[in-house]
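# Per-entry structural report
Residues per chain, in single letters:
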Amino acid sequence: MRAPDSEVASMYYIVSTAKNVADAVRDLEAAVQKHRFGVLHVYDLKETLTRKGHPLAAECRIFEVCNPQHAAKVLQRDMRVNMALPCRISVFEDGGVTKIGTILPSEMLRMLSPDRELAGVARTVETTIKAIIDDAAAPLDARQALLLRRAGLAREIEAGVAKRGGERDGNVPDTAELAADDVARDVGLAEVDRDVAELEAIDAALERLDSGTYGRCQDCGAAIEPARLAKNPEFALCVPCQQRKEQKAAARIARL
């Protein structure tokens, strides 16, 4: 017998977020650690199904998360419940919107065991899982977003510099190999330079936050569109001023 739609819906906890999937995944990992759970595995359904010849248009990452203390307590009470462990939290696209959700542990366990003590553990876990999802879905403030991106760029720059400084192996390369290696090094240089420029822009944005001028266009003084800052919190110009700057740069290049 099929459960009523309302009953099925009550088994889910799903929160929409303005973040893209990659950012939501990053913040979910941080939220799991914050609440003293661990990530056991992450399944990328889009990548897996596409590799198997059944492409999936929407992104979908499934996290298996666990708190060892709670898991041990559940299994000591009823070993059969191992088939419902670990807990899963999904980050997925639905109708163009990023969502983060889970099947509620209390609802799942209610169908699997009448044990009241287990029900109490499930409610405790459920409260934490909801908090993890809420934290991951919540918008970052500007400083958090800038500092997170800065940390990522610093790692990328360090890796790029180390790779660029590496020596060629002992084999004597032919002319074609040398040319390909030079191209690869040039690309690596360009990527490092781009990351350094973005890191400098982030540092400048942090200074504007400290001085109280963040969010105002540095050219015209108008407020920068919130959606623009949400996507690129380091931006210092509004759209019209950015477009004028790019047009002037293109005109200078054309005159060369």
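Structure shown above.
From a predicted model like this one, the values you see are computed outputs, not experimental measurements.

Each helix and strand in the protein was counted, giving 10 helices and five strands. Counting over 256 residues, the protein shows a buried share of 31%. If you take every contact in the protein between residues at least 6 apart in sequence, the share linking residues at least 24 apart comes to 63%. Carbon and sulfur atoms form 56% of the exposed surface of the protein, whose accessible area is close to 16500 Å².

On to the side chain of Ser113. Here Ser113 shows up in the loop between α5 (105–112) and α6 (116–137). A distance of 3.2 Å separates a polar atom in the side chain of Ser113 from the backbone nitrogen of Asp115. Once residues lying within four places of it in the same chain are set aside, the contact partners of Ser113 are Asp78 and Leu118.

Side-chain pairs of opposite charge can arise where the charged atoms are in close proximity. Applying the stated criterion across every chain, the model contains 20 salt bridges. In this structure, Lys34 engages Asp135 in a salt bridge whose closest nitrogen and oxygen atoms are separated by 3.0 Å. Separated by 101 residues along the polypeptide, Lys34 in helix α2 (residues 21–34) and Asp135 in helix α6 bring together distant segments of the chain. By relative accessible area, Lys34 is classed as exposed at 58%. What emerges from the salt-bridge pattern is a single network uniting Lys19, Asp23, Arg26 and Asp27.

What follows covers the side chain of Glu64. Inspection of the secondary structure assignment puts Glu64 in strand β3 (residues 60–66). Within the local environment of Glu64, its side chain forms a polar contact with the side chain of Arg88, the two groups lying 3.2 Å apart. Ignoring sequence-local partners within four residues, the contact set of Glu64 consists of Gly38, Val39, Leu40, His41, Tyr43, Pro86, Cys87 and Arg88.

Here the residue pair Leu85 and Pro86 is connected by a cis peptide bond, since its omega of -5° sits within 30 degrees of zero. Locating Pro86 in the fold gives a position in the loop between α4 (68–77) and β4 (87–94). We note that Arg36 has phi near 65°; this positive angle belongs to a residue other than glycine. With respect to the helices and strands, the residue Arg36 is situated in the loop between α2 and β2 (38–44). Looking at Arg36, the relative accessible area reads 71%, which means it is exposed.

This paragraph deals with α6. Here α6 contains 22 residues, and its C-alpha end-to-end distance of 31 Å stays within 8% of the 32 Å for a straight helix at 1.5 Å per residue. For α6, the set of buried residues is Leu118, Val121, Ala122, Val125, Glu126, Thr128, Ile129, Ile132, Ile133, Ala136 and Ala137. Between the side-chain oxygen at the start of α6 and the backbone nitrogen of Glu117 there is a gap of 2.8 Å, and the oxygen is on Asp115.

Membership of the largest hydrophobic core comes to 27 residues, with the highest contact counts inside it found for Leu28, Val65, Ile89, Val91, Ile100, Ile129 and Ile132. Looking at which element gives the most residues to this core, the answer is α6, with nine residues. Excluding residues that lie within four positions of it along the chain, Val91 makes contacts with Val21, Ala24, Val25, Leu28, Glu59, Cys60, Arg61, Phe63, Thr98, Lys99 and Ile100. Among the nonpolar cores identified, the runner-up in size contains 15 residues, and Ile224, Leu229, Leu237 and Cys238 belong to it.

This brings us to a positive patch on the surface. A cluster of basic residues, Arg244, Lys248, Arg252 and Arg255, forms a positive patch at the surface. Structurally, Arg244 can be placed in helix α10 (residues 239–255). Of the residues examined, Arg244 reaches a relative accessible area of 43% and is grouped as partly exposed.

Structurally, Asp219 is set in the loop between α8 (175–211) and α9 (226–231). Asp219 sits in the exposed class, given a relative accessible area of 56%. Each C-alpha atom, one on Asp219 and one on Cys238, is 8.4 Å from the other, the two residues being 19 residues apart in sequence. The contact partners of Asp219, leaving out residues within four places of it in the chain, are Leu237 and Cys241.

Here we come to the pairing of β4. Successive residues of a regular strand alternate their side chains across the two faces of the sheet. The pairing of β3 with β4 spans six bridges and is classified as antiparallel. Looking at β4, one finds that Glu64 is bridged to Arg88. Looking at chain direction, β4 and strand β5 (residues 97–103) are connected through five bridges and run antiparallel. Counterpart to Asp94 in the pairing with β5 is Val97.

The rules behind the values
Residues numbered from 1 in each chain as written. Predicted model: local features only at pLDDT ≥ 70, side-chain atom pairs only at ≥ 80, totals over all residues. Heavy atoms only, no water. Helix = DSSP H or I, 4+ residues; strand = E, 2+ residues; numbered from the N terminus. Buried < 20%, exposed > 50% of the residue type's maximum accessible area, 1.4 Å probe, protein only. Contact = heavy atoms within 4.5 Å. Areas by Shrake-Rupley, 256 points an atom, 1.4 Å probe, with all protein chains shown as cover. Polar contact = N/O pair within 3.5 Å; in protein donor to acceptor, adjacent residues only side chain to side chain. Salt bridge = Lys/Arg side-chain N within 4 Å of Asp/Glu carboxyl O. Expected span 1.5 Å × (residues − 1). Core = buried A, V, L, I, M, F, W, Y, C linked by side-chain atoms within 4.5 Å. Patch = residues over 30% accessible without salt bridge, like charges linked within 9 Å, V, L, I, M, F, W, Y side chains within 5 Å. Lys, Arg positive; Asp, Glu negative; His and termini not counted. Charge placed at Lys NZ, Arg CZ, Asp CG, Glu CD. Pairing = 2+ DSSP bridges.

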